[in-house]
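# Observations on the model geometry
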Amino acid sequence: MPFPIKAVRASYPALSDGFAYLDGAAGTQTPQPVIDAISAAYRHGIGNVGGAFPASHRSDAIVAACRAAVADLVGGHPDGVILGPNMTTLTYRLARAIAGPGDEVVLSRLDHDANVRPWTQTGATVRWAEVDPVTGELPVEQYAELIGERTKLVAVTAASNILGTRPDVAAIAELAHRAGALTYVDGVHATPHGPVDMRALGADFYATSAYKWSGPHIGAVVADPALLETLRPDKLAPSADTVPERFETGTAAFADLAGVTAAVDHLAALVPGTGTRRERLLASMSAAEEHELELFGALIAGLEALPRVTVYGKPARRTATAYFNVAGHTPRQVAEHLAGLGVNVWNGHNYAWELTGALGLRDTGGAVRAGLVHYNDRSDVDRLLDGVAHLE
Ligand SMILES: Cc1ncc(COP(=O)(O)O)c(C=O)c1O
């Protein structure tokens, strides 16, 4: 069955403004059911959690539903879903609870800085996994050398937010586990682009951000509740000491959490299906991935056919994310030119700090990033290619 792109696009009010939204890797647009769920939460009255009255009970239910939804999305356990403002904040919190001076951590230069600096700043000794700057691959073999008996944790991304590279996380995790180390997998860029099974990946911690997959600005880290029981994060004296609540500081954005659940339900229904929500998510996200990669074939072939364009990386397994430069123009100039034509793309390092350093692009303004998500169509791709081709 063809991907129902017209119906999918129609559910996103923002897409009717005429822009080609190729900036999804920095944050997606929001479908109507998510907007409705957030406003319904406010309309019906919400209170803080744990109170004796119905508005408080509604917030209790919103939090529980959100944990169940995120667990379904990534293949985790609802009691292991830690919710917070964004992935970066949660990763800092967890890093402090997991590692410190005297520990060794293995980091990768493929990663967004949110899965790098929180670990370096714990004071742990860092060992680096390098990227092949030509292919954009993160070779697995190097991990056999990098991981040793002193390794506490291996942090690695499930997909690069600029090159789209999907490293072999399962193989890396196997090496980590054999040495008794934990894995912290950054799924922020990967989650919107296909089905996720954190157990199959070997992720002890899997981080994701709802605003990258049609939800509001909320982050989540998912882990086995039994593993979370072993950690003691910084927390206030009176706040809950249970798991996962002990990892959640302050009052949550309850209405937004209702939006997260609506986003997961929306993703589960991108294509018609039956079964549990988890089963429908797997089918729906597989269909979305197929749709994106088919369009991406045209996008990348079109870019590579343009004489002044350099496309960075050629990973074998990737998301539909392209990173490129146009000779004679800065990335910002290209982005401004495209914006003038109604095409949204990002320019810069996009916080892929180590990777743009390895590619030799960090000090020269990075490159242009054009990424596809499930709501993009062929006209978005054509407008990008046409706009780049007509740069003076
Ligand atoms: C791959 C990746 N990891 C981490 C982050 C940080 O996520 P957050 O904005 O939720 O802190 C981003 C944000 O762009 C990202 O693309």
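Please read these numbers as outputs of a predicted model, since none were measured by experiment.

Attention shifts here to the nonpolar core. Grouped together as the largest cluster of nonpolar side chains are 75 residues, with contacts concentrated most on Val 70, Leu 138, Tyr 143, Tyr 206, Trp 213, Tyr 323 and Leu 355. Looking at this core, the element that brings in the most residues is helix α10 (residues 254–268), giving 10 residues. Counting residues in each nonpolar core, the second largest holds 28 residues, with Val 326, Val 345, Leu 372 and Val 388 among its members.

On to the UniProt feature "domain: Aminotransferase class V" (unreviewed entry) in the protein, then. In the numbering used here, UniProt assigns the feature "domain: Aminotransferase class V" (unreviewed entry) to residues 21–384. In residues 21–384, helix accounts for 38% and strand for 15%; the two terminal C-alpha atoms are 10 Å from one another.

Strand order in this open sheet of seven strands is β2-β8-β7-β6-β5-β3-β4, and the pairing throughout is mixed. The open sheet is flanked by β2 (81–84) and β4 (125–129), the only strands paired with a single partner. In this sheet, adjacent strand axes meet at a mean angle of 20° when their direction is disregarded. The pairing of strand β3 (residues 104–108) with strand β5 (residues 151–157) spans three bridges and is parallel.

Here we come to the sheet that holds strand β10 (residues 321–326). In a beta sheet, neighbouring strands are held together by backbone hydrogen bonds and run either parallel or antiparallel to one another. A sheet is described by the order of its strands in space; here four strands give the open sequence β9-β10-β13-β12, paired in antiparallel fashion. The open sheet has two edge strands with one neighbour each: β9 (309–311) and β12 (346–348). Mean inter-strand twist for the sheet, computed between neighbouring axes without regard to direction, equals 35°. Of the strand pairs in this sheet, β12 and strand β13 (residues 367–371) are connected by three bridges, and their pairing is antiparallel. Looking at β13, one finds that Gly 348 is bridged to Ala 367. This element, helix α11 (residues 277–304), spans β9 and β10 of the sheet and lies at about 15° to β10.

Turning to the pattern of salt bridges, a few remarks are in order. Going through the model one piece at a time under the given rule, you end up with 22 salt bridges. Arg 9 is the salt-bridge partner of Asp 377, the closest N and O atoms lying 3.5 Å from each other. Within this pair, whereas Asp 377 is found in the loop between β13 and α14 (378–389), its partner Arg 9 is found in helix α1 (residues 5–10), the two being separated by 368 residues in sequence. As far as burial versus exposure is concerned, Asp 377 and Arg 9 are alike and both buried. The partner of Arg 9 in a salt bridge is Asp 380, and the shortest N-O contact between them spans 3.4 Å. Of this pair, Arg 9 sits in helix α1 while Asp 380 sits in helix α14, and the two are 371 residues apart along the sequence. For the residue pair Arg 9 and Asp 380, the accessibility class agrees, reading buried in each case. A cluster of three or more residues bridged by salt bridges with shared partners is formed by Arg 109, Asp 113, Arg 117, Glu 130 and Glu 354.

Time to look at the site of the ligand. Every residue close to the ligand is listed here: Asn 86, Met 87, Thr 88, His 112, Ala 114, Asn 161, Asp 186, Val 188, His 189, Ser 209, Tyr 211 and Lys 212. Here an oxygen atom of the ligand and a side-chain polar atom of Thr 88 are 2.5 Å apart. A distance of 2.6 Å separates an oxygen atom of the ligand from a polar atom in the side chain of Lys 212. Here the ligand, which alone exposes 390 Å², has 89% of that area covered by the protein. Residues of the shell around the ligand, tallied by class, amount to four nonpolar, six polar and two charged.

What counts and how
Residues numbered from 1 in each chain as written. Predicted model: local features only at pLDDT ≥ 70, side-chain atom pairs only at ≥ 80, totals over all residues. Heavy atoms only, no water. Core = buried A, V, L, I, M, F, W, Y, C linked by side-chain atoms within 4.5 Å. Buried < 20%, exposed > 50% of the residue type's maximum accessible area, 1.4 Å probe, protein only. Helix = DSSP H or I, 4+ residues; strand = E, 2+ residues; numbered from the N terminus. UniProt positions renumbered as here; feature names shortened; annotations may be inferred. Pairing = 2+ DSSP bridges. Axes fitted to C-alpha atoms, helices over the stretch in contact; angles between N-to-C directions. Contact = heavy atoms within 4.5 Å. Salt bridge = Lys/Arg side-chain N within 4 Å of Asp/Glu carboxyl O. Near = heavy atom within 4 Å. Polar contact = N/O pair within 3.5 Å; in protein donor to acceptor, adjacent residues only side chain to side chain. Areas by Shrake-Rupley, 256 points an atom, 1.4 Å probe, with all protein chains shown as cover. Nonpolar A, V, L, I, M, F, W, Y, C, P; charged D, E, K, R; others polar.

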